[in-house]
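# Understanding the architecture of this molecule
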Amino acid sequence: MITYQEEKNLSAEEFIDVLVRSTLAKRRPVDETERIRNMLEQAGLVITARDGKRLIGVARSLTDHVYCTYLSDLAVDLVYQKMGVGKELIRATKEAAPRARLILLAAPNAVQYYPSMGMKQWPHCYFLDDANELK
């Protein structure tokens, strides 16, 4: 039975493990345990999916709970993908901050996933990796 819950003390090691099993590790600093630990500590909301005690999915978000929730990591173990786990993690994230708009950037392979469940696309998104890039 898969359960979904908010977890305030998810370990960096367990998070890294599910990132690897989900393929999201390719785009996350999984070789920097302290950085991952800080990512978890600074997140405003971490929702997990567990099959028994086994962590099978994580939704890690930055949120003020009233205006916006940025879902920065949605990782689901490959074995559990296409079973609705990601959708339920998104639902639990939204329900934890119901007044806030849920926002995310899709990984290249997930661009078609989010609209299929009813999420709307916003074409005006920008990012900056380095302040020196500002002109």
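Here the structure is shown first, and the text comes after it.
Read on for a plain summary of the structure. Bear in mind the structure is a predicted one, so any value in this text is a computation, not a measurement.

### Things to note about the pattern of salt bridges
For the structure on display, the rule yields twelve salt bridges. Of the charged contacts in the structure, one is a salt bridge between glutamate 34 and arginine 37, with a shortest N-O distance of 2.8 Å. Of this pair, glutamate 34 and arginine 37 both sit in helix 2 (residues 33–42), three residues apart, which is roughly one turn of the helix. Put simply, aspartate 73 and arginine 60 hold a salt bridge, and the shortest N to O gap is 2.5 Å.

### A short note on unusual backbone geometry
Located in the positive-phi region is threonine 23, a residue other than glycine, with phi close to 80 degrees. Along the chain, the position of threonine 23 falls in the loop between helix 1 (12–22) and helix 2. The exposure class assigned to threonine 23 is partly exposed, which follows from its relative accessible area of 30%. If you check the backbone angles, histidine 65 has positive phi at about 70 degrees while not being a glycine. By the secondary structure assignment, histidine 65 is in the loop between strand 3 (54–63) and strand 4 (68–76). On the accessibility criterion, histidine 65 (33% relative accessible area) is partly exposed.

### Re helix 2
When we look at burial in helix 2, the residues that qualify are Ile36, Met39 and Leu40. End-on view of helix 2: buried residues confined to an arc of 95 degrees, all on one side of the axis. Facing away from the buried surface of helix 2 by more than 90 degrees, the exposed residues are Glu41 and Gln42. Buried-residue contacts for helix 2 involve helix 1, strand 2 (45–51), strand 3 and strand 4.

### A look at the sheet that holds strand 3
Sheet strands pair via backbone hydrogen bonds, and the direction of the pair is either parallel or antiparallel. One open sheet holds the five strands; their spatial order is 1-2-3-4-5, and the pairing between them is mixed. Of all the strands in the sheet, the pair left with one neighbour each is strand 1 (2–6) and strand 5 (101–104). Adjacent strand axes in the sheet meet at a mean angle of 25 degrees, parallel and antiparallel pairs treated alike. Where strand 1 lies against strand 2, five bridges are found, and the strand directions are antiparallel. Each bridged residue has a counterpart across the sheet, and for threonine 3 the counterpart in strand 2 is arginine 50. Together, strand 1, strand 2, strand 3, strand 4 and strand 5 form the strand contacts of helix 3 (residues 85–96), whose direction differs from that of strand 4 by roughly 155 degrees.

### As for helix 3
Over its twelve residues, helix 3 extends 16 Å from the first C-alpha to the last, a length consistent with the 16 Å expected when each residue adds 1.5 Å. Within the sequence span of helix 3, burial applies to Val85, Gly86, Leu89, Ile90, Ala92 and Thr93. Looking straight down helix 3, one finds its buried side chains confined to an arc of 165 degrees; they lie on one side. Of the surrounding elements, those touching the buried residues of helix 3 are strand 1, strand 2, strand 3, strand 4, strand 5 and helix 4 (113–116).

### Here's the deal with the packing of helix 1 against helix 2
Axis separation between helix 1 and helix 2 bottoms out at 9 Å; the angle between their running directions is 100 degrees. Taken as axis vectors, helix 1 and helix 2 run roughly perpendicular relative to one another. Taking contact as the criterion, the partners of Ala12, Glu13, Phe15, Ile16 and Leu19 in helix 1 are, on helix 2, Thr33, Ile36, Arg37 and Leu40. Across the contact of helix 1 with helix 2, the residue classes break down as six nonpolar, one polar and two charged.

Conventions used here
Counting of residues starts from 1 at the beginning of each chain's written sequence and follows it residue by residue. Owing to the predicted nature of the model, reporting of local features is limited to residues with pLDDT of at least 70; listing and counting of side-chain atom pairs is limited to 80 or more, with chain, interface and lining totals taken over all residues. Side-chain figures throughout are based on the complete set of non-hydrogen atoms in the structure, without hydrogens or water. Whenever a carboxyl oxygen of Asp or Glu lies within 4 Å of a side-chain nitrogen of Lys or Arg, that contact is scored as a salt bridge. Secondary structure elements are taken from DSSP: a helix is a run of H or I of four residues or more, a strand is a run of E of two residues or more, and numbering for both begins at the N terminus. Exposure categories follow from relative accessible area, calculated using a 1.4 Å probe and restricted to protein chains: below 20% of the type maximum is buried, above 50% is exposed, and the middle band is partly exposed. In this description, one arc is meant: the one made by directions from the helix axis to the C-beta atoms. When checking whether two residues touch, look at their non-hydrogen atoms; a contact exists if any pair is within 4.5 Å. Only strands joined by at least two bridges in the DSSP assignment are considered to pair. Angular values range over 0 to 180 degrees, each being the angle between N-to-C directions of two axes fitted as lines to C-alpha atoms, with helices fitted over their stretch in contact. Take the number of residues in a helix, subtract one, and multiply by 1.5 Å to get its expected span. The labels follow the angle: roughly parallel below 35 degrees, roughly antiparallel above 145, roughly perpendicular from 65 to 115, and oblique for the rest. Each residue gets one of three labels, nonpolar for Ala, Val, Leu, Ile, Met, Phe, Trp, Tyr, Cys and Pro, charged for Asp, Glu, Lys and Arg, and polar for the others, Gly among them.

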